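A look at the structure
Here is what each chain is made of, one letter per residue.
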Amino acid sequence: MSIAPQPQSRPDRSRADRGPAPIVIPTTDVDRTDPDYRTWLKDAVRKVQADANRTADTHLLRFPLPEEWGIDLYLKDESTHPTGSLKHRLARSLFLYGLCNGWIRPGKPVIESSSGSTAVSEAYFASLIGVPFIAVMPATTSREKTRLIEFHGGTCHLVQDPRTVYEVSARLAAESGGHYMDQFTYAERATDWRGNNNIAESIYQQLRLERYPEPAWIVATAGTGGTSATIARYVHYMQYDTRICVPDPENSCFFDGWLTGDAGTNCETASRIEGIGRPRMEPSFLPGAIDRMMKVPDAASVAAVRALEAAIGRKAGGSTGTGLWSALKIVAEMVAEGRTGSVVTLLCDPGDRYLDKYYSDDWLASQGLDITPYAGTIDTFLATGTWSC
């Protein structure tokens, strides 16, 4: 595992550095003054907003630590959303953004490039407002995720090379006259980061009566980068002293791009940890807003989700393990330095989507992953307060 200090300066991420501008398909097929269209649009926005209104906020779970450490570790349990993951928030914001911009129209498909969870949530919202949905995903996406997309009425378009999901999505949108949602560009701007019950505001509200209501650290993994951007912006806007750490799995370019300041950094191999890690520096990832990154071995991520189940009886996906490993490492540093406080990380989605992966010893063997030393590090740390990795 590598830990990098905060770089002192970074070049501006110009559009040229970030790749071509996102494609927005012209929408000349809709008369914006047509009363039928305006009625449809108002009803679609109402349905998406009603979903948020009737959905209770997600829970903040405590991970058990020795009382004498004076440190509290929490997991924001995003698996309790109607579509079972953190991406439900993002999908809702993206649909409102696309509807209010006039990009999503009646009868026209919404297309998304995804590693699975965002597509599950977007399929749900597409069904809610009655438009078709197509998910463009790597062929390695778990079968359970494709099943859930199809359950919500979506169609899965699988590609062998995960780097092609962007161009294939744009092509399908152009051919169908639909809208390419492009979460990797719009994630950081579709969410109201100043508040409005976003994930950051929710965390602080739920910590209000805890002994350390302002966390020392919030740990958020990056797929689009939108969640870490929302949390970091909110922290700065509210003038909190909380620091933001973004862990990155193997086969992802975010850590290297953050370290070097090179927005053109890329990676040739797909991430084994579904939902996070990307082959390119995504436009929604805002490296200047965060304080720290960690590079986390995939075997450590798997060891952490198994430790989570042993500690609180909950299975979670691999991205949760990546965040939990990093959060435990931060707690270990606080223990070593004699500091007290709280740390928050995310439970991103449920583990039942990955029973054939992160909870399968056969899959681990097929990937050449040995979690034994990382599991030992966690066990030793929880028993003694000493971090050995």
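Residues numbered from 1 in each chain as written. Predicted model: local features only at pLDDT ≥ 70, side-chain atom pairs only at ≥ 80, totals over all residues. Heavy atoms only, no water.

1. Here's the deal with the pairing of strand β5 (residues 133-138)
Of all six residues making up β5, five are buried, and the element is well covered by its neighbours. Two strands pair when backbone bridges link them, and strand β4 (residues 110-113) and β5 are joined in this way by four bridges, in the parallel orientation. Bridge pairing links Ser-113 to Val-136 in β5. What joins β4 to β5 is helix α3 (residues 117-129), and the crossover it makes is right-handed. Summarising the sheet, β5 and strand β6 (residues 155-159) pair through five bridges and their orientation is parallel. From the neighbouring strand, Ala-135 faces β6, where its bridge partner is Cys-156. Handedness of the crossover joining β5 and β6 through helix α4 (residues 143-151) is recorded here as right-handed. (Buried < 20%, exposed > 50% of the residue type's maximum accessible area, 1.4 Å probe, protein only. Helix = DSSP H or I, 4+ residues; strand = E, 2+ residues; numbered from the N terminus. Pairing = 2+ DSSP bridges. Right-handed = clockwise from strand over helix to strand, strands pointing away.)

2. Side note on the packing of helix α10 (residues 298-312) against helix α11 (residues 318-337)
The contact between α10 and α11 brings their axes to 7 Å, and the two run at 90°. Considering their axes alone, α10 and α11 lie roughly perpendicular with respect to each other. Taking contact as the criterion, the partners of Ala-300, Ser-301, Ala-304, Val-305 and Leu-308 in α10 are, on α11, Gly-318, Thr-320, Gly-321, Thr-322, Leu-324 and Trp-325. Here the contact of α10 with α11 is built from residues that sort into six nonpolar, five polar and no charged. (Axes fitted to C-alpha atoms, helices over the stretch in contact; angles between N-to-C directions. Parallel < 35°, antiparallel > 145°, perpendicular 65-115°, else oblique. Contact = heavy atoms within 4.5 Å. Nonpolar A, V, L, I, M, F, W, Y, C, P; charged D, E, K, R; others polar.)

3. Things to note about the sheet that holds β6
Where strands meet in a sheet, backbone hydrogen bonds hold them as pairs that are either parallel or antiparallel. Spatially, the four strands line up as an open sheet ordered β6-β5-β4-β7, and their pairing is parallel. For this open sheet the edge positions go to β6 and β7 (179-180), each flanked by a neighbour on one side alone.

4. A word on the packing of aromatic side chains
Any two aromatic rings considered together are summarised by their centre-to-centre distance and by the angle between their planes. For the structure shown, the criterion picks out 18 aromatic pairs. With a centroid separation of 4.5 Å and an interplanar angle of 35°, the aromatic rings of Phe-254 and Phe-285 are classed as tilted. Residue Phe-254 is found in helix α9 (residues 254-260), and its partner Phe-285 is found in the loop between α9 and β10 (292-296); the two are separated by 31 residues along the sequence. The exposure class assigned to Phe-285 is buried, which follows from its relative accessible area of 0%. Taken together, the ring pairs in this structure connect Trp-69, Trp-325, Tyr-374, Phe-381 and Trp-387 into an aromatic cluster. In this structure, Arg-194 packs its charged tip against the face of Trp-193, placed 4.2 Å from the ring centre. (Phe/Tyr/Trp six-rings, centres within 6.5 Å; stacked < 30°, edge-to-face > 60°. Lys NZ or Arg CZ within 6 Å of the ring centre and 35° of its normal.)

5. Observations regarding the nonpolar core
Residues Phe-63, Leu-73, Trp-325, Leu-328, Ile-330 and Val-343 are the most contacted members of the largest nonpolar core, which totals 44 residues. When near neighbours in sequence (up to four residues on either side) are disregarded, Phe-63 contacts Leu-73, Leu-75, Leu-308, Ala-311, Leu-324, Leu-328 and Leu-382. The next biggest cluster of nonpolar side chains, apart from the first, holds 32 residues, and it includes Trp-40, Leu-99, Trp-103 and Val-131. (Core = buried A, V, L, I, M, F, W, Y, C linked by side-chain atoms within 4.5 Å.)

6. Digging into the packing of helix α1 (residues 35-54) against α3
Any two packed helices are characterised by how steeply their axes cross, that is the angle between the axes, and by the distance between the axes. At their nearest, the axes of α1 and α3 sit 9 Å apart, and the two run at 130° to each other. Taken as axis vectors, α1 and α3 run oblique relative to one another. Where α1 crosses over α3, the two elements pack in a sense that is right-handed. Seen from α1, the contacting residues are Trp-40, Ala-44, Lys-47, Val-48, Asp-51 and Arg-54; seen from α3, they are Tyr-124, Phe-125, Leu-128 and Ile-129. In the contact of α1 with α3, the residues fall into seven nonpolar, no polar and three charged. (Left-handed = near helix turned anticlockwise from the far one by under 90°.)

7. A word on unusual backbone geometry
Non-glycine residue Gln-239 carries a positive phi angle of around 65°. The topology assignment puts Gln-239 in the loop between α8 (226-237) and β9 (243-249). Given the relative accessible area of 68%, Gln-239 is considered exposed.

8. Digging into the pattern of salt bridges
Counted under the stated rule, the structure contains 29 salt bridges. Close ionic contact of Arg-163 with Asp-161 constitutes a salt bridge, the shortest N to O distance being 3.1 Å. Between Arg-163 and Glu-268 there is a salt bridge, with the nearest N and O atoms lying 2.3 Å from each other. Here Arg-163, found in the loop between β6 and α5 (165-176), pairs with Glu-268, found in the loop between α9 and β10; they are 105 residues apart in sequence, far enough to count as distant. Through salt bridges with shared partners, a single network forms among Asp-57, Lys-76, Glu-78 and Arg-89. (Salt bridge = Lys/Arg side-chain N within 4 Å of Asp/Glu carboxyl O.)

9. Describing the pairing of β4
What you see with β4 is no split at all: Val-110 and Glu-112 on one side and Ile-111 and Ser-113 on the other are buried throughout. Bridging between β4 and β7 involves two bridges; their strand directions are parallel. Within the sheet, the bridge partner assigned to Ile-111 lies in β7 and is Tyr-180.

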